[in-house]
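# Secondary and tertiary structure notes
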Amino acid sequence: MAEKTILVTGGAGFIGSHVVRLFVNKYPNYKIVNLDKLTYAGNLQNLDDIETLANYEFIKGDIVDDEFVFDLFDKYKFDGVIHLAAESHVDRSISNPSEFIKTNIVGTVNLLNAARTFWKDEIDNKLFYHISTDEVYGSLGEEGFFVEETSYSPRSPYSASKASSDHLVRAYYHTFNLPVVITNCSNNYGPNQFPEKLIPLAINNIREKKSIPIYGKGENIRDWLFVEDHANAIDLVFHKGKKGETYNIGGNNEWTNIDLIRVLCKIMNEKLGREEGESEQLITFVKDRAGHDLRYAIDSSKIQNELGWNPSLQFEEGLNKTVDWYLKNSLWMKNITSGNYQKYYEEQYYKR
Ligand code: NAD
Ligand code: TYD
């Protein structure tokens, strides 16, 4: 019998797959149930190295379907939930906000309701861990950092839907005593990130000698964290975090988009045996994103001081690792960009 049964939602996505891998390998006594709808962003290839392990199970399903979520809680008697499932791309939230409201808000409420219902008689060893983003705090000027007390000021449909879900998670803590914890993390990068996000998109386009679209003047600033460092922080907060608390997680690693892309071009020129400055010629300034947040920067001193977390990788090292992974896994990229893997899932899971 497993010591704990943990539901990870969105485990086939970018960050979720690193969390699932870490927990399945590190905690053989836990059973890890990965619930994922396999949207365009979910990809079981991200987990093919652990899919046959005895303490791992994948379930395809939608957190927006409340009956399904309740049945799942009834069947598995989860001890903990690590909730990552979300619509996660700002640009998609601008073209189609409704999906974000459904998954990020309604989906989260369905999970909260199920946890509240099935944990009502015993909450001591339970935990609902909600994974959120620094984008809920809005946009910074040139100075300052987001701390846990910073007022929420979301400015995109994505960040507004995540902010809403954070508020609901806290409301269930205060109103229903549900044991919760929340972390708000900065921009992640690393292997398995869907190539709609800046870094994998740029890596793919550089490799294929396609133009690299930079929104506006490329002066927007993001704080980048290697995804495995985020997964380690999630492990720490899941086991040592204080119920009802929020922890900010960041890389203390701020880059303007244009500087970041220039570094990436330089790394890739070297790895691909291209002339100095060759890939830089692909940089193309395009129309700015609507409501484009200028700067995100995280003060992570709370998680560092209280739980002893620190990012382990320097950016240059993390970027090198990431580029190496994408170059080595060109089939992964090809499957995604050709839509082959979506077709495969439709055959596997929809036509039964
Ligand atoms: P992702 O888009 O790569 O993965 C999301 C996963 O959720 C996919 O596997 C998708 O199939 C699944 N999913 C979507 N809708 C679903 C539904 N209705 N039911 C079940 N599964 C569903 O996202 P990511 O970048 O891995 O982000 C994971 C979480 O971390 C999100 O909650 C996001 O807000 C948060 N976050 C992301 C970043 C980042 O830089 N990527 C930073 C901070 C926080
Ligand atoms: P993104 O990876 O979409 O993450 P987020 O918007 O959640 O921070 O974008 C990171 C930054 O890069 C953001 O300032 C928007 C910018 N960007 C581009 O300039 N070009 C692109 O093609 C993309 C996808 C993003």
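Data block above holds the structure.
Within every chain, residues take consecutive numbers counted from 1 along the sequence as written. Note on labels: chains are lettered from A, ligands numbered from 1, in written order. Residues qualify for local features only when their pLDDT is at least 70, as the model is predicted, and side-chain atom pairs are given and counted only at 80 or more; totals for whole chains, interfaces and linings, by contrast, use all residues. Hydrogen atoms and water are omitted, and side-chain values are computed over all heavy atoms in the structure.

### Some thoughts on the site of ligand 2
Let me state the cut-off plainly: Note on terminology: near, applied to a residue and a molecule or strand, indicates that one of the residue's heavy atoms is within 4 Å of it. Two N or O atoms form a polar contact when they lie within 3.5 Å of each other; inside protein one atom must be a possible hydrogen donor and the other a possible acceptor, and for residues adjacent in sequence the pair counts only when both atoms belong to side chains. Here a strand is any run of E in DSSP of at least two residues, a helix any run of H or I of at least four, and the numbering for each starts at the N terminus. In this count, Pro and Cys sit with the nonpolar residues alongside Ala, Val, Leu, Ile, Met, Phe, Trp and Tyr, while Asp, Glu, Lys and Arg are called charged and the others, Gly among them, polar.
With respect to spatial proximity, 17 residues lie near ligand 2, and among them Glu-135, Pro-213, Arg-222, Arg-289 and His-292 are the closest. Between a nitrogen atom of ligand 2 and a main-chain N or O atom of Pro-213, the distance comes to 2.8 Å. Taken together, the elements giving at least two residues each to the shell around ligand 2 come down to α6 (198–207) and β8 (212–215). Of the residues assigned to the shell around ligand 2, the class counts are 7 nonpolar, 5 polar and 5 charged.

### Quick look at the pattern of salt bridges
Note the threshold: We define a salt bridge as a side-chain nitrogen of Lys or Arg found within 4 Å of a carboxyl oxygen belonging to Asp or Glu. A simple rule labels every residue: compare its accessible area, found with a 1.4 Å probe on the protein chains alone, to the largest value its type can have, and call it buried under 20%, exposed over 50%, or partly exposed in between.
Following the criterion strictly, the structure yields 18 salt bridges and no others. Close ionic contact of Lys-26 with Asp-235 constitutes a salt bridge, the shortest N to O distance being 2.5 Å. Taken as a pair, Lys-26 in helix α1 (residues 14–26) and Asp-235 in helix α7 (residues 227–240) lie far apart in primary sequence, 209 residues in all. Residue classification places Lys-26 among the partly exposed positions, given a relative accessible area of 47%. Two residues, Asp-79 and Lys-126, come together in a salt bridge whose shortest N-O distance is 3.4 Å. Taken together, the positions of Asp-79 in the loop between α2 (66–76) and β4 (80–83) and Lys-126 in the loop between α4 (97–118) and β5 (127–133) put the pair 47 residues apart, joining distant regions of the chain.

### Digging into a negative patch on the surface
Which entries qualify depends on this criterion: Residues with no salt bridge and a relative accessible area higher than 30% make up the patches, which join like charges within 9 Å and nonpolar side chains (Val, Leu, Ile, Met, Phe, Trp, Tyr) within 5 Å. A 1.4 Å probe and the Shrake-Rupley method give the accessible areas. Residues count as covered only by the protein chains that appear here. For the purpose of counting charges, residues Lys and Arg are taken to be positive, whereas Asp and Glu are taken to be negative. His and the chain ends are not included. In plain terms, the charge of a residue is placed at NZ if it is Lys, CZ if Arg, CG if Asp and CD if Glu.
Residues Asp-65, Asp-66, Glu-67 and Asp-71 make up a contiguous surface patch of negative charge. Considering the arrangement of structural elements, one finds Glu-67 in helix α2.

### Here's the deal with the packing of aromatic side chains
What counts here: Ring pairs are drawn from Phe, Tyr and Trp, using the six-membered ring of Trp, whenever the two centres fall within 6.5 Å, and their geometry is named by plane angle: stacked under 30 degrees, edge-to-face over 60, tilted for the rest. In this scheme, Lys NZ or Arg CZ marks a charge over a ring once it lies within 6 Å of the ring centre and within 35 degrees of the ring normal.
One pass over the full model with this rule turns up 19 aromatic pairs. Considering the side-chain rings of Tyr-189 and Phe-315, the 5.1 Å spacing of their centres and the 90° angle between planes classify their relative orientation as edge-to-face. Of this pair, Tyr-189 sits in strand β7 (residues 187–189) while Phe-315 sits in helix α10 (residues 315–328); the two residues are 126 residues apart in sequence, bridging distant segments of the chain. Across the pair, Phe-315 and Tyr-189 agree in class, each one buried. Aromatic rings pair up to connect Phe-70, Phe-73, Tyr-76, Phe-78 and Phe-118 into one cluster. When the ring centre of Phe-176 is taken as reference, the NZ or CZ atom of Arg-116 above it lies at 3.6 Å.

### A word on the site of ligand 1
Ligand 1 sits among 28 residues. The nearest are Ile-15, Asp-36, Ser-88, Tyr-158 and Lys-162. In this structure, Asn-188 approaches ligand 1 through a main-chain N or O atom, which is 2.8 Å from an oxygen atom. Looking at the shell around ligand 1, the elements with two or more residues in it are α1, β5, α5 (157–176) and β7. The element that contributes the greatest number of residues to the shell around ligand 1 is β5, accounting for 3 residues. When the residues that make up the shell around ligand 1 are grouped by side-chain class, the tally is 12 nonpolar, 12 polar and 4 charged.

### Section: the nonpolar core
Spelled out, the test is: Take the buried Ala, Val, Leu, Ile, Met, Phe, Trp, Tyr and Cys residues and link them wherever side-chain atoms come within 4.5 Å; each set so joined is a nonpolar core. The criterion used for residue contact is that any of the two residues' heavy atoms lie within 4.5 Å.
Ranked by size, the top nonpolar core spans 35 residues in total, and within it Phe-23, Ile-82 and Tyr-129 carry the most contacts. Among residues more than four places away in sequence, those in contact with Phe-23 are Ile-6, Tyr-30, Ile-32, Ile-82, Asp-235, Phe-238 and His-239. Formed by 30 residues, the second largest nonpolar core is a distinct cluster that contains Phe-226, Leu-264, Ile-267 and Trp-325.

### Notes on the environment of Ala-297
Looking at the secondary structure, you find Ala-297 in the loop between β12 (283–286) and α9 (301–307). The class of Ala-297 is buried, set by a relative accessible area of 0%. Taking the C-alpha atoms as reference points, Ala-297 and Gly-144, separated by 153 residues in sequence, lie 7.5 Å from one another. Leaving out residues up to four positions away in the same chain, Ala-297 has contacts with Leu-140, Gly-144, Phe-145, Phe-146, Asp-223 and Glu-254.

### A word on the side chain of Thr-246
As for its placement among the helices and strands, Thr-246 is situated in strand β10 (residues 246–249). Under the relative-accessibility criterion, Thr-246 is labelled buried at 7%. Of note is the side chain of Thr-246, whose polar atom sits 2.9 Å from the side chain of Arg-170. Discounting residues that sit within four places of it in the chain, Thr-246 has contacts with Tyr-137, Glu-148, Arg-170, Ile-182, Asn-184 and Lys-302.

### A closer look at unusual backbone geometry
Even without being a glycine, Leu-38 presents a positive backbone phi close to 55°. Within the secondary structure layout, Leu-38 lies in the loop between β2 (30–36) and β3 (56–60). Phi is positive for Asn-177, close to 65°, though the residue is something other than glycine. Examined against the element boundaries, Asn-177 turns out to sit in the loop between α5 and β6 (180–185).

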